[in-house]
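This is what each chain is made of:
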Amino acid sequence: MKPAPFNYYAPTSLAETLDLLAEYGSDDGRVLAGGQSLVPAMAFRLARPRHLVDINGVTELNYTRIDNGRLCIGAGVRHSAFEKPIEDGPLGRLLTMVVRHIAHGPIRARGTFCGSIAHADPASEWCAVAAALDVEMVAESKVSGTRVIHSREFFESIMQTALHEDEILREVRLPILSKGTFVGFAEFSRRAGDYAIAMAVAIYRLKNGMMSDMRIALGGAEATPRRVTEAERVLIGRPPNLGTFQAAGHAATTAIDPLDDANINAEYRRSVVGAMVRRALESAAT
Amino acid sequence: MNDETGATRWIGQSVERLEDPPLVTGRGRFAGDINFPRQLHMRIVRSNHAHGNIVSIDMEVARELPGVVAIWTAADIADVPPIDFREGPIERLAPYRQPVLATGRVRYVGEPVLAVFAEDAYVAEDAADLITVEIEQLPPLLSAEAEPAEFSLGRNTEAAILTQGYGDVEAVFKSAPHIVELKLTSGRHSGVPLETRGALGRYDASRDVLELHGAAKVPHRNKELLARMLDRAPSSVQCYESHVGGGFGIRGELYPEDVLVCVAAMRFDRPVKWIEDRREHLIAANHSRNQHHRIRAACNVDGEILAIDDEICHDNGAYVRTHATRVAMMTCGVLPGPYRIPGAYRAVCHFRLTNKTPAATYRAPGRFETTFVRERLVDAIANQLKLDPIHIRRLNAVRVDEMPFKRPLEALGEEIHFDSGDYHALLDKTLDYVDWVKLNRDLAVRRDRGEMVGVGLAMFVEKAGLGPADGVRIQVDTSGVIEVITGGASIGQGFETVMAQVAAECLGADYKNMRVTHGNTERIEHGIGAHASRATVMTASATRVAALKVRDKALNIASELMQAPIDELDIVNGEVVVKGRAGGPSMSLGQIAAALAPSSKTRGDREPGLSAEGWFYADHQVYPYGNHLAVVKVDPDTGGVQVLRYVVSYDIGRAINPELVKGQIAGGFAQGLGGALMEEFTYNENGDPLAVTFADYLLPTVKETPEVEIVLTEDHPSPLNPLGIKGAGESGVNGVGAAIASAIDDAIGIPGAITELPVTPQRLKAIIDGRK
């Protein structure tokens, strides 16, 4: 439970952070933000970064702002920032619904939004939200400057992302949802705050009583979070009711390739996915 | 207080805990807080394979690491025998004992293979990381139900077959009109204290004394065991208990690491510290509970259970540790619980080793498992005979007019004698408390509306207060502070407070004026520690004897000094006073202690010191009893179970401190809930443990744990000790698996559905969907 030796750096500016990542990123350097996943992994020596670049002193990354129809979340923003609506509309409401499921109070007070996205745990709630909303990831490095990565291209595999070794995930941009958008979330975990066995995000609008602008995303179910278009298609142009929600849940269960591990088998996870899609839709509708 | 009146100034009061001030102000002293100058730190290199032969060990790079002092393999401690059994050598089991470091063969993931000693804990872990142990893998044996395999040449993994019973089982089954059969499994889980294990060895060459700090549970027994293993005089080995962050039967047994720090301290002539990390705890400290039962009952048409026949496969993991076969033997003896079973009984337990972490006692060993099995059996009988399960329980429970009830079976080496109790009356209280008829009606209405809700009940008999003897020394200093010195142990249960209450009551002093010294082998020669729900029964009874002696001694000299007859004196709040004369002459206990000093002229020919030793002897354990009742709700989509309500009713005989008793019950319940629904040490097919962190080994949190409603009764004080005490420690955990299993059956409407603990959502979902 003692981490392997590492070098520790505590930059106070983004420029300094990028310098350090340029120098050490390729030599097994890692960004330390909230540390709620990385530090335990280091204690178990499952992660052995040679260099740790601690961005907790980089205050310029502690921001959220609304810019051009998007909510921009800086790399220093903690989970707990979303416990009260950060924005008055459906997006703010969705984020408050989701954040309650992220671990426990002390972890939410330390862990960061961008850190969760960069860590890309399949069971991360924010990753599922990112997939549902087709968000933009703003990566930055000293050498290649700023680039925007779409969430569809960002999550590559379990804890594997499109970020380069010398890049920091500086910001994530979420589209503001227009008034009248219905948002819902559901997850199942064995205990309050545990890694979910499966979760679903549901977002839609109503046109003449029928569902449109359908977004359904899953987390925890597969190696990477993603939208499930098979389930979305079932709902587009249909009314929101138990029957259509169940049909969407069923479509999701057949569409996915569930994770299968020694404790939770694929068959069980598949059945939970169906229930979570239905419940996310139900929670959106109420 | 005297024997007849049983006054209750302190006994029976829920006074505040004496032990809390340092704990709640951050001044506690746990094993990790203890440090000695020049200490070394030990790190264990453990086997990463469940079964195999050690081919080679490469530690050259590790040795070179600055700060590394030594690295040991089994060859370095060839003179240290395997860890022996606490109760003394047992020849037939000796080959199955665990070596302190693996000798050639590794038998579970987590088995100590090497010990690294370094100047600091980080270096020790870095060095351990640099060591490569090459192991030639052998096929692991992972089920106690499988055919035994070879353990060593000429010896297989079935270390023992244990049997208990009476009567002609075959004959009763042959003639019985009904036979009910079940196959049941209790999962592998264990006590997981907040504080992991820790040990510091120190050798004081100036006194030739070997010290083990961080001892818990049974310091005196470990002192004797260490002395035996290391071939030292017991008087040259001392154990010291510090604060203990939870015991549960797990913490405080003598483990390889405890022996290593002691041996190393002597070899290096430096103190050696070892603190277990959480992963180590989950793979190295004792596991428990894993049993498979094939049980059948022979019944008559009324539902009377005539005979029980149980065949058990007990999974003890890789070695036989300090408890030997205790859990398995207990299982065979206590399985019938509160029921009469008049015809015949047979339990055959295959005590088998597997390539998993060794197993031993965990809070209510053999009872959590057997209450689950027995109460499942009773429910199955009711279902098969179409009779009310409560009726079956009433019909079969031992009646109050049959007490004391003797049963030709044994628990912890004693024949089982239920000392007292009225099982029917307590059952009535439980059912009245919840309004059983209305509760069932309400649940039926909810089920009709589509909710999966149900209720389950379990009856059980606990056992407590194992003898045969415990002694306590009480001494009053000249300031009037009363020191109660005991070989009992405090594992967080409120031991100090309870002993202080009893001493205060008997002596006539404020309980806050007591200093309770425990778990220090240097201060008192004998001690039973804290296990088997013994402390309050045995140690408090001994405390009472010692306190009454001190009282007599104080009154004797006070009578002379105050010139009043003894029977006109009383001790009130630490002052000897003349009865009925408020504001009259008085002497404090401190003054009396001074008057009894060796050099005191007033002492006369009395033995010096206001002090006394008191012993209490018990031929038989006591048998408290209770009921557990669970109301659960099942989520048909996920198989998740929510416990809506939980009731424990329990007759404790006499509660010294009711709040502490309730605390014991509530804490035990939470652990039972873990074992019933969440906690499980799982393994993959290679024998790799899958529950090695708190993300995988799921302890119930406050969110999953409902407030437990406790109906505490004192209707049947034990006749076996003067205070009528029965013991509390294991009552909260005993029936949880049984009650919850029964409630889930009721909720999903499938009688007998639950055959295995824990009831994980995945397992339950498969049952609901008809896939099992």
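Parameters at a glance
Residues numbered from 1 in each chain as written. Chains lettered and ligands numbered in written order. Predicted model: local features only at pLDDT ≥ 70, side-chain atom pairs only at ≥ 80, totals over all residues. Heavy atoms only, no water. Helix = DSSP H or I, 4+ residues; strand = E, 2+ residues; numbered from the N terminus. Rg over C-alpha atoms; globule rule 2.2 N^0.38 Å. Buried < 20%, exposed > 50% of the residue type's maximum accessible area, 1.4 Å probe, protein only. Contact = heavy atoms within 4.5 Å. Areas by Shrake-Rupley, 256 points an atom, 1.4 Å probe, with all protein chains shown as cover. Lys, Arg positive; Asp, Glu negative; His and termini not counted. Charge placed at Lys NZ, Arg CZ, Asp CG, Glu CD. Arc of directions from axis to C-beta. Polar contact = N/O pair within 3.5 Å; in protein donor to acceptor, adjacent residues only side chain to side chain. Buried area = accessible area lost by both parts, 1.4 Å probe. Salt bridge = Lys/Arg side-chain N within 4 Å of Asp/Glu carboxyl O. Core = buried A, V, L, I, M, F, W, Y, C linked by side-chain atoms within 4.5 Å. Pairing = 2+ DSSP bridges. Axes fitted to C-alpha atoms, helices over the stretch in contact; angles between N-to-C directions. Phe/Tyr/Trp six-rings, centres within 6.5 Å; stacked < 30°, edge-to-face > 60°. Lys NZ or Arg CZ within 6 Å of the ring centre and 35° of its normal. Left-handed = near helix turned anticlockwise from the far one by under 90°. Nonpolar A, V, L, I, M, F, W, Y, C, P; charged D, E, K, R; others polar. pLDDT = per-residue confidence, 0-100.

**Considerations on the overall build of chain B**
Point 1. When you go through chain B residue by residue, the secondary structure sums to 19 helices and 31 strands.
Point 2. For chain B, the C-alpha radius of gyration of 27 Å lies close to 28 Å, the compact-globule estimate for 772 residues.
Point 3. Expressed along its principal axes, the backbone C-alpha trace of chain B runs to roughly 85 × 70 × 50 Å.
Point 4. Every one of the 772 residues in chain B was classed for burial, and the buried ones make up 64%.
Point 5. Taking contacts inside chain B between residues at least 6 apart in sequence as the whole, the part at least 24 apart equals 81%.
Point 6. Accessible area for chain B stands at about 27,300 Å²; split by element, carbon and sulfur atoms hold 50% of it.
Point 7. Charged side chains of chain B number 81 positive and 104 negative; the gap between the two group centres comes to 1 Å.

**Topic: the overall build of chain A**
Point 1. Assigned secondary structure in chain A consists of 10 helices and 14 strands.
Point 2. At 19 Å, chain A has a C-alpha radius of gyration in line with the 19 Å of a compact globule built from 286 residues.
Point 3. When its C-alpha atoms are laid out on the principal axes, chain A stretches across 55 × 45 × 30 Å.
Point 4. For chain A, the proportion of its 286 residues judged to be buried stands at 55%.

**Digging into helix α10 (residues 389-396) of chain B**
Residues and elements named next belong to chain B.
Point 1. The set of residues buried in α10 consists of I390, I392, R393 and N396. All buried residues of α10 project into a common sector of 160° when viewed along the axis, lining one side.
Point 2. Residues of α10 that are buried make contact with β16 (305-315), α9 (367-385), α11 (423-434), α12 (436-448) and β20 (452-461).
Point 3. At the N-terminal end of α10, a side-chain oxygen is found 3.1 Å from the backbone nitrogen of I390, two or three residues along, and the residue is D388.

**Regarding the interface of chain B and chain A**
Point 1. Contacts between the two partners involve 32 residues from chain B, matched on the other side by 27 residues from chain A.
Point 2. Across the interface of chain B and chain A, roughly 2,400 Å² is buried in total on both sides, 54% from carbon and sulfur atoms.
Point 3. D635(B) is paired through a salt bridge with R279(A); the nearest N and O atoms lie 2.8 Å apart.
Point 4. Taken together, chain B and chain A are joined by 17 residue pairs in polar contact (both at pLDDT 80 or more).
Point 5. When contributions to the side of chain B that touches chain A are tallied by element, the ones reaching two or more residues are α3 (121-129), α7 (278-284), α16 (658-678) and α19 (761-768) of chain B.
Point 6. Counting residues per element, the side of chain B that touches chain A draws most heavily on α3(B), which supplies five residues.

**Here we look at the nonpolar core**
Residues and elements named next belong to chain B.
Point 1. Of all hydrophobic cores here, the largest spans 112 residues; its most connected members are Y646, I740 and I744.
Point 2. Beyond its immediate stretch of four places on either side in the chain, I740 contacts A630, V643, Y646, L673, A676 and L677.
Point 3. In this structure, I474, L569, I592 and A612 belong to the second largest nonpolar core, which totals 57 residues.

**A closer look at the pattern of salt bridges**
Point 1. Under the definition given, this model contains 82 salt bridges over all chains.
Point 2. The closest approach of N and O atoms between K142(A) and D19(A), which form a salt bridge, is 3.0 Å. Separated by 123 residues along the polypeptide, K142(A) in the loop between β6 (136-141) and β7 (145-150) and D19(A) in helix α1 (residues 14-24) bring together distant segments of the chain.
Point 3. Look at D19(A) and you get partly exposed, because its relative accessible area is 36%.
Point 4. One continuous salt-bridge network, built from bridges that share partners, spans R45(A), R48(A), R43(B), R46(B), E125(B), D126(B), D129(B), R197(B), E257(B), E276(B), D277(B) and E280(B).

**Examining the sheet that holds strand β13 (residues 237-241) of chain B**
All names here are of chain B.
Point 1. The strand order β3-β5-β1-β14-β11-β12-β13 describes an open sheet built from seven strands, whose pairing is mixed. Of all strands in the sheet, those with a lone pairing partner are β3 (68-72) and β13, marking the two edges. In this sheet, adjacent strand axes meet at a mean angle of 20° when their direction is disregarded.
Point 2. In the sheet, strand β12 (residues 209-215) pairs with β13 via five bridges, with the strands oriented parallel. Bridging from a neighbouring strand, E211 pairs with Q238 of β13.
Point 3. Of the strands in this sheet, β12 and β13 are in contact with helix α5 (residues 219-230), which crosses β13 at around 145°.

**Points about the pairing of strand β4 (residues 64-67) of chain A**
All names here are of chain A.
Point 1. As defined by bridge partners, β4 adjoins strand β5 (residues 70-74) across four bridges and the pair is classed as antiparallel. Note on β5: the bridge partner recorded for I66 is L71.
Point 2. Remark: two residues form the turn of the hairpin made by β4 and β5, two consecutive strands paired antiparallel; N68 in that turn has positive phi of roughly 60°.

**Details of the sheet that holds strand β10 (residues 168-175) of chain A**
Residue and element names in this part refer to chain A.
Point 1. Strands sit in the order β4-β5-β10-β6-β7 across an open sheet of five strands; the sheet is antiparallel. The open sheet is flanked by β4 and β7, the only strands paired with a single partner. Neighbour to neighbour, the strand axes of the sheet diverge by 25° on average, direction disregarded.
Point 2. Pairing of β5 with β10 involves five bridges; the strand directions are antiparallel. Counterpart to L71 in the pairing with β10 is L174.

**Things to note about the packing of aromatic side chains**
By convention here, two paired aromatic rings are described through the distance between centres and the angle between planes.
Point 1. Throughout the structure, instances matching the rule amount to 22 aromatic pairs over all chains.
Point 2. Measuring from ring centre to ring centre gives 4.8 Å for Y423(B) and Y625(B), while their planes differ by 65°; the resulting arrangement is edge-to-face. You can see Y423(B) sitting in helix α11 and its partner Y625(B) sitting in strand β28 (residues 625-634), a full 202 residues away along the chain.
Point 3. The buried category is assigned to Y423(B), whose relative accessible area is 2%.
Point 4. Grouping aromatic residues by their ring pairs yields a cluster made of F405(B), F418(B), Y423(B), Y623(B) and Y625(B).
Point 5. Over the aromatic face of Y122(B) sits the side chain of K2(A), whose NZ or CZ is 5.5 Å from the ring centroid.
Point 6. Stacked on the ring of F36(B), the Lys or Arg R202(B) has its end atom at 4.0 Å from the ring centre.

**Comments concerning the pairing of β3(B)**
Residue and element names in this part refer to chain B.
Point 1. Burial analysis of β3 places four of its five residues in the buried class, the great majority of the element.
Point 2. Of the pairings in the sheet, the one linking β3 to strand β5 (residues 112-118) comprises four bridges and is antiparallel in character. Within the sheet, the bridge partner assigned to V68 lies in β5 and is A118.

**Concerning the side chain of T331(B)**
Residue and element names in this part refer to chain B.
Point 1. Position of T331 among the secondary structure elements: in helix α8 (residues 326-334).
Point 2. Since its relative accessible area comes to 0%, T331 is described here as buried.
Point 3. Here T331 is in contact with Q291, H293, I312, Y345, G366 and T370, once residues within four sequence places are set aside.

**Some words on the packing of helix α9 (residues 242-255) of chain A against helix α10 (residues 266-285) of chain A**
All names here are of chain A.
Point 1. Viewed as axis vectors pointing N to C, α9 and α10 meet at an angle of 145°, and their least axial separation amounts to 8 Å. Read as a crossing pair, α9 and α10 show a hand that is right-handed. Side by side, α9 and α10 meet where L242, F245, Q246, A248, G249, A252, T253 and T254 of the first sit next to R270, V273, G274, V277, R278, L281, E282 and A285 of the second.
Point 2. For the contact of α9 with α10, a count of residues per class yields eight nonpolar, five polar and three charged.

**Here's the deal with the confidence of the model for chain B**
Point 1. Looking at chain B, pLDDT values average 96 and 99% of them are 70 or higher.
Point 2. Here residues 1-7 of chain B is modelled with pLDDT under 50, and outside its nearest four sequence neighbours on either side it reaches 13 contacts, counting other chains as well.

**Notes on α8(B)**
Point 1. Here α8(B) lies mainly inside the structure; eight of its nine residues are buried.
Point 2. Within α8(B), the full set of buried residues consists of R326(B), V327(B), A328(B), M330(B), T331(B), C332(B), G333(B) and V334(B).

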